[in-house]
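# Observations on the model geometry
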Amino acid sequence: MALQALQSSGVAFRKILSHFPEELSLAFAYGSGVYRQAGPSSNQKKAMLDFVFTVDDPVAWHSKNLKKNRSHYSFLKVLGPKIITTIQNNYGAGVYYNPLIMCDSRLIKYGVISTSILIEDLLNWNNLYIAGRLQKPVKIIAMNENVALRAALDKNLKSAVTAAFLMLPESFSEEDLFIMIAGLSYSGDLRMVVGENKAKVMDIVKPNIAHFRELYGHILQDNPQVVYKIQQGRLEIDKSPEGQFTQLLALPKTLQQEIHHIMDPPGKNRDVEETLFQLAHDPDCGDVVHLGLSAIVRPSSLRQSTKGIFTAGSNQEWRHRWMFCQGQHLWCMLMMKNVKLLSGENPGCRPSLWHLPSPVTARAPHPSAPARGSSAWNQGTMTWTVKMTTLPR
């Protein structure tokens, strides 16, 4: 299986995992803290470690984690594990994140997702959220023998290749392919408009070509529709209408449905296969596939970001807020220190007293009227500190 090639035996990851309940069907780490990225996220030692824990029984897992790491949760912890699981499953992208936790002297964020919901996302791209994370290199820390999950992980990778093929020309490089694949789950994502580094996808791929090749190499070699010139690092694919129709039929169900909604005019009432056949002959086929991806990613990422406001603890940064002011985009980040940590909880894994560096600092006279920018309580003087960062044009 492709993902097994990227398993990590790192003691640091296993040590962090030991702070959490053990009942995991899959646990993986991802992001700039795991794989080096170019650009602003290049410092791995200072980067936050991102984890996803997949669990068969979220209610039972959250119940144990609330006992072990209660301070990780926001005010929602008072509602108990059943309500937390309902929020996790039914709102956003099916994942519940606890961010900005100090664990074994590293800043981490971890998400919890139901195994059944993850399998559905991997197969059908209902949200393309965690499925999108798993289209890029990740470090597998733990995985059980769930055959359905393993098959869904492989299917997600094959679907990513198929979708990328439809948006690429007849001949292209490995790097072109991997950039297209890495960008699938960012199509239409609001964070790529405001907040994220616009070159994020390039920064992910360029230092990690070898990891992408390890992840997708066997799929490319086994695909009958592609000529994979490994030594030259180039590929050629079948762009005939017949070839594109075969690829469109292989896309995940939700993406096919979104394409159908885009292509099918009112009153026609064609079935999905007829719509895909028409699209296969359309010179704008790749653009329509991209629009279909955006129709999946945009609402799911927006709902997940909105859910994060409620699931984040009192120490959460409200990142990626912005405003337009005098022709400049301003980062507006709100962050509050924890006044105290609850006693008797896991001492190795606790909310972070996290400060963001900022070139401009000002003070407002009273916390009831904070100025624009990121803000934090100063524990010593209890004055309201305002931090504002201006992005370069």
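For the structure, see preceding data.
Note that the coordinates shown come from a computational prediction; the quantities given were computed from them, not determined experimentally.

## Thoughts on the overall build of the protein
Along the protein, the regular secondary structure elements total 13 helices and 14 strands. The burial tally for the protein puts 53% of its 393 residues in the buried class. For the protein, the proportion of contacts with a sequence separation of at least 24, taken over those separated by at least 6, is 67%. Surface summary for the protein: the accessible area is close to 18200 Å², and the carbon and sulfur share equals 56%.

## So, the pattern of salt bridges
Using the criterion set out here, one finds 7 salt bridges in the structure. A salt bridge links lysine 64 to glutamate 23; the nearest nitrogen and oxygen atoms lie 2.7 Å apart. Within this pair, whereas lysine 64 is found in helix H2 (residues 58-68), its partner glutamate 23 is found in the loop between helix H1 (11-17) and strand E1 (26-30), the two being separated by 41 residues in sequence. Under the relative-accessibility criterion, glutamate 23 is labelled partly exposed at 43%.

## Quick look at the environment of leucine 255
Tracing the chain through its elements places leucine 255 in helix H11 (residues 253-263). Here the alpha-carbon distance between leucine 255 and alanine 295, two residues 40 residues apart in the chain, equals 8.5 Å. Sequence-distant contacts of leucine 255, that is, excluding residues within four places in its chain, are made with Asn124, Trp125, Val289, Gly292, Leu293 and Ile296.

## A closer look at the pairing of strand E8 (residues 234-237)
Of the two faces of E8, only the one carrying Leu235 and Ile237 is buried; Arg234 and Glu236 on the other face are not. As paired elements, strand E7 (residues 226-229) and E8 share 4 bridges and run antiparallel to each other. Bridge pairing links valine 226 to isoleucine 237 in E8. Two successive antiparallel strands, E7 and E8, enclose a turn made up of 4 residues, where glycine 233 displays a positive phi of approximately 65°.

## Brief notes about the packing of H11 against helix H12 (residues 272-280)
Direction vectors running N to C along H11 and H12 enclose 75°, while the axes themselves pass 9 Å from each other. The angle between H11 and H12 places the two elements in the roughly perpendicular class. Of the residues in H12, those touching H11 at Gln256, Ile259, His260 and Met263 are Val272, Thr275, Leu276, Gln278 and Leu279. Residue classes in the contact of H11 with H12 are distributed as 5 nonpolar, 4 polar and no charged.

Reading guide: rules and limits
Residues numbered from 1 in each chain as written. Predicted model: local features only at pLDDT ≥ 70, side-chain atom pairs only at ≥ 80, totals over all residues. Heavy atoms only, no water. Helix = DSSP H or I, 4+ residues; strand = E, 2+ residues; numbered from the N terminus. Buried < 20%, exposed > 50% of the residue type's maximum accessible area, 1.4 Å probe, protein only. Contact = heavy atoms within 4.5 Å. Areas by Shrake-Rupley, 256 points an atom, 1.4 Å probe, with all protein chains shown as cover. Salt bridge = Lys/Arg side-chain N within 4 Å of Asp/Glu carboxyl O. Pairing = 2+ DSSP bridges. Axes fitted to C-alpha atoms, helices over the stretch in contact; angles between N-to-C directions. Parallel < 35°, antiparallel > 145°, perpendicular 65-115°, else oblique. Nonpolar A, V, L, I, M, F, W, Y, C, P; charged D, E, K, R; others polar.

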